[in-house]
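Examination of the molecular architecture
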Amino acid sequence: MRHLMSPLDFSVEELDQLFDLASDIEHTPEKYAHTCEGKILATCFYEPSTRTRLSFESAMTRLGGKVIGFADANSSSAAKGESVSDTIRVVSCYADICAMRHPKEGAPMVAATKSLIPVINAGDGGHQHPTQTLTDLMTIRSLNGKLGDFTIGLCGDLKFGRTVHSLINALVRYEGIRFVFISPQELRVPDYITDMLCEKGIPYTEEIRLETVMPDLDLLYMTRVQKERFFNEEDYVRLKDFYILDKAKLSLAKENMLVLHPLPRVNEISVDVDEDPRAAYFKQAQYGVYVRMALILTLLGLAK
Ligand code: NCD
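What you are looking at is a predicted structure, and each value in this text was computed from that prediction instead of being measured.

What counts as what
- Residues numbered from 1 in each chain as written.
- Predicted model: local features only at pLDDT ≥ 70, side-chain atom pairs only at ≥ 80, totals over all residues.
- Heavy atoms only, no water.
- Pairing = 2+ DSSP bridges.
- Helix = DSSP H or I, 4+ residues; strand = E, 2+ residues; numbered from the N terminus.
- Axes fitted to C-alpha atoms, helices over the stretch in contact; angles between N-to-C directions.
- Contact = heavy atoms within 4.5 Å.
- Domains from an automatic or database assignment.
- Buried area = accessible area lost by both parts, 1.4 Å probe.
- Salt bridge = Lys/Arg side-chain N within 4 Å of Asp/Glu carboxyl O.
- Polar contact = N/O pair within 3.5 Å; in protein donor to acceptor, adjacent residues only side chain to side chain.
- Near = heavy atom within 4 Å.
- Areas by Shrake-Rupley, 256 points an atom, 1.4 Å probe, with all protein chains shown as cover.

So, the sheet that holds strand β1 (residues 40-45)
With respect to topology, 4 strands assemble into an open sheet ordered β2-β1-β3-β4, the strand pairing being parallel. The sheet is open, and its two borders are formed by β2 (66-70) and β4 (119-124), each paired with just one other strand. Sheet twist, expressed as the mean angle between neighbouring strand axes with direction ignored, is 15 degrees. The sheet contact formed by strand β3 (residues 97-102) and β4 spans 4 bridges and is parallel. Note on β4: the bridge partner recorded for Ala99 is Ile120. Where helix α2 (residues 51-62) meets the sheet, it contacts β1, β2, β3 and β4, and its direction lies at approximately 175 degrees from that of β1. Each of β1, β2, β3 and β4 is contacted by helix α3 (residues 84-94), which is oriented at about 155 degrees to β3, the strand it contacts most.

In structure tokens, the structure reads:
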């Protein structure tokens, strides 16, 4: 039995197979409409989510399966003091696969050790968000044409953003990638990540002003300042609008640069950017469904 805790749980070859499957699902969805009939996905979400939970539910439903679950810790037995280990043992009796989001780093991993069914980490605290990373990689592969040989700017909350940490982890396995980290001092990418890049000899630079580096980028990954991970409101208020990507700033970018964002967006991308052909974030959300469909099939052993 296989779980997904980190994007590194799959080899680069396995990821290629997963993206090929997701792409086949995108182009011939009818072939897959009944592949999960009789199967149940449990979504155990101890933290707010729109995209991740609904895209999992949409994915399972589009495969012909059913979905059970909770969207908020207060409506589960966690509110009565039940441990994640006990909850997953019980969920294992009710469902065939589980997607779990938790504010505590490592909670889905603890669940996986006690689970009788595959567990997917749907985001654990500020740590990892592997299915968002699969979505990001699939989007880059589909819209950029290849995974490798590009300069990617990651902008915003690089300290608390789990999507950022997961994506960097996954990208270091591809050739020819240069990272540009754009953040205020307080929200710098953690040292363990820059240490890892140094060790592997992967080029990166750090910058505060987005405008300075914009012309160099092939991809720009914008992120929200993660309000829920701040210790005090004052710091959040000071930093929340540090970056706002608008038409004027985007005019400095390459004509074919892609703008990605895991969403939800707050103010960091102005709505007038949505009409620009380089804005790929809603398309990215669509890829999130295909990739989760492919993942469910793979973990259930139903992928051909
Ligand atoms: C992200 C998350 O939950 O980490 N959202 C998502 O799953 N698409 C990003 C965020 O909340 O900023």
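So, the domain arrangement of the chain
According to the domain assignment, the chain contains domain 1 (7-127 + 288-299) and domain 2 (131-284). Here the C-alpha centre of domain 2 lies 25 Å away from the C-alpha centre of domain 1. Each partner contributes to the roughly 2,100 Å² buried at the junction of domain 1 and domain 2, and carbon and sulfur atoms together form 56% of this total. In terms of surface lost to domain 2, no three residues of domain 1 exceed Pro7, Phe19 and Arg51, which account for 27% of the buried area on that side. Measuring nitrogen to oxygen at the nearest pair gives 3.1 Å for the salt bridge that ties Glu47 to Arg162. The tally of links from domain 1 across to domain 2 stands at 10 residue pairs in polar contact (both at pLDDT 80 or more).

Structural notes on the site of the ligand
Around the ligand, the structure places Arg51, Thr52, Arg101, His129, Gln132, Arg162, Thr163, Arg224, Gln226, Pro262, Leu263 and Pro264. One nitrogen or oxygen atom from the main chain of Leu263 is found 3.0 Å from a nitrogen atom belonging to the ligand. Here the ligand loses 94% of its free accessible area of 310 Å² to cover by the protein chains. Secondary structure elements with two or more residues in the shell around the ligand: α2 and α6 (162-171). When we break the shell around the ligand down by domain, the ones giving at least three residues each are domain 1 (7-127 + 288-299) and domain 2 (131-284).

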